[in-house]
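Here is how the chains run, residue by residue.
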Amino acid sequence: MESRTFLGFLLVMPAEAILLIFLAYPFVLGLWLGFTDTLVGGKGEFIGFDNYVSLLKDSTFWLVTYNTFFYTIIAVILKAILGFALAIVLNRDFKAKGLVRAIILLPWIIPTALSAIVFWWLYDSTFSAISWSLIKLGLISSRIDFLGDPNNARLSLIAANVWRGIPFFTIGLLAGLQTITPTLYEAAAIDGAGSWAKFRRITLPMVAPLLAVVTTFSTIWTFGDFQLVWVITKGGPANATHLFGTLSFQRAIPGGHFGEGAAISNFILPILVLCVLISFKYLRRED
């Protein structure tokens, strides 16, 4: 028994080493840097909570906090609603169902940077395909300033994130819908229940634990989003689309203030821990 345990330990050692080197070490280093005044090319000294106190007095940081929560809450709600609706549609029998399901996965499969470049082109002030189409249809008379106006820029980024994230909700919830026994719906129909009653009394309660888990993971990814925002807007205009991830990168890499950048990223940690606890709770419930 002891030899089997030792063999198992040896077999997982390469994976553990990779996790320690590429996940645990950067995580601990980031926590430590948040308490130092480290600059590019410098060692830095321990300064306690000075970085965090300075950030709490920074108006840009509070704007970024608002941006991050606004971006995350609106995007996740829209992805959950649209993804759930699409999952219900795909759960029905129709021709070319397999092909449609494959197409639905495309936004999720395409590399984030590539899809971000496409959206950047769609939102371009001069060559926007969206503005051109709306003008040709006679719906607008001038081009829309998608990325130059702060509110438009926020909504444009949310739209891009929703487009990428819907497949994750759709496929996850579709798997849950397929586990529901059809006899439940048949019994409800015999009792005179309509479509809304079936959804509220059968579908929603049955997939609620899975919906909570999928929403939690989506919240984690959306809250820590970086690539989509950085490629499309780089935080502009006037910091209107900066999130914790992009501001942390800007302060740490181009700005050279590693300590401050790490402190900004560390503000994400409490939210991620809360999301993990919620996910763990529902995963245990599923078991």
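About the criteria used
Residues numbered from 1 in each chain as written. Predicted model: local features only at pLDDT ≥ 70, side-chain atom pairs only at ≥ 80, totals over all residues. Heavy atoms only, no water. Salt bridge = Lys/Arg side-chain N within 4 Å of Asp/Glu carboxyl O. Buried < 20%, exposed > 50% of the residue type's maximum accessible area, 1.4 Å probe, protein only. Phe/Tyr/Trp six-rings, centres within 6.5 Å; stacked < 30°, edge-to-face > 60°. Helix = DSSP H or I, 4+ residues; strand = E, 2+ residues; numbered from the N terminus. 1 Å grid on protein atoms, 1.4 Å probe; cavity = no way out; pocket = protein on both sides within 12 Å on 5 of 7 lines; lining within 4 Å. Points joined across faces, edges and corners; volume = space filled by probe spheres on them. Nonpolar A, V, L, I, M, F, W, Y, C, P; charged D, E, K, R; others polar.

Undergrad: Kindly report on the pattern of salt bridges, identifying the contributing residues and their values.
TA: According to the stated counting rule, one finds two salt bridges in the structure shown. Residue Arg 251 pairs with Glu 260 through a salt bridge whose shortest N-O separation is 2.6 Å. Take Arg 251 and Glu 260: they sit in the same class, and that class is buried. Taken together, the salt bridges that share partners define one network made up of Asp 58, Arg 251 and Glu 260.

Undergrad: If you had to explain the packing of aromatic side chains to someone new, which residues and values would you point to?
TA: Under the criterion given, the structure shown has 25 aromatic pairs. Ring centres of Tyr 66 and Phe 70 lie 5.8 Å apart, and the angle between their planes is 25 degrees; on these two criteria the pair is classed as stacked. Within this pair, Tyr 66 and its partner Phe 70 are both found in helix H3 (residues 59-90), separated by four residues, close to a single helical turn. The class of Tyr 66 is partly exposed, set by a relative accessible area of 46%. Residue class for Phe 70 comes out partly exposed when judged on its relative accessible area of 26%. A connected cluster of aromatic rings, assembled from ring pairs, spans Trp 32, Phe 35, Phe 46, Phe 49, Tyr 52, Phe 61, Trp 62, Phe 69, Phe 223, Phe 244 and Phe 267.

Undergrad: So, the layout of surface pockets: which residues are in play, and what are the values?
TA: The calculated volume of the largest pocket comes to roughly 610 Å³. No other element matches helix H1 (residues 2-33), which puts six residues into the lining of the largest pocket. Per-class residue counts for the lining of the largest pocket are 15 nonpolar, seven polar and no charged. In this structure, the second largest pocket occupies an estimated 400 Å³ of space. In this structure, the second largest pocket is lined by Ile 88, Asn 91, Arg 92, Leu 177, Gln 178, Ile 180, Pro 182, Tyr 185, Ser 195, Lys 198, Phe 199 and Thr 203. Ranked by residues supplied to the lining of the second largest pocket, first place goes to helix H10 (residues 195-223) with four residues. Along the lines of polarity and charge, the residues of the lining of the second largest pocket split into six nonpolar, four polar and two charged.

Undergrad: Quick rundown of empty space enclosed by the protein? Include the residues and the values.
TA: Tallied over the entire structure, the rule returns one cavity of 30 Å³ or more. Of the voids in this model, the largest cavity is the one considered here, and its volume is about 60 Å³. Together, Asn 67, Phe 70, Tyr 71, Arg 154, Leu 157, Ile 158, Val 229, Ala 240, Thr 241 and Leu 243 line the largest cavity. Listed by contribution, the elements that provide at least two residues to the lining of the largest cavity are H3 and helix H8 (150-177). Residue classes in the lining of the largest cavity are distributed as seven nonpolar, two polar and one charged.

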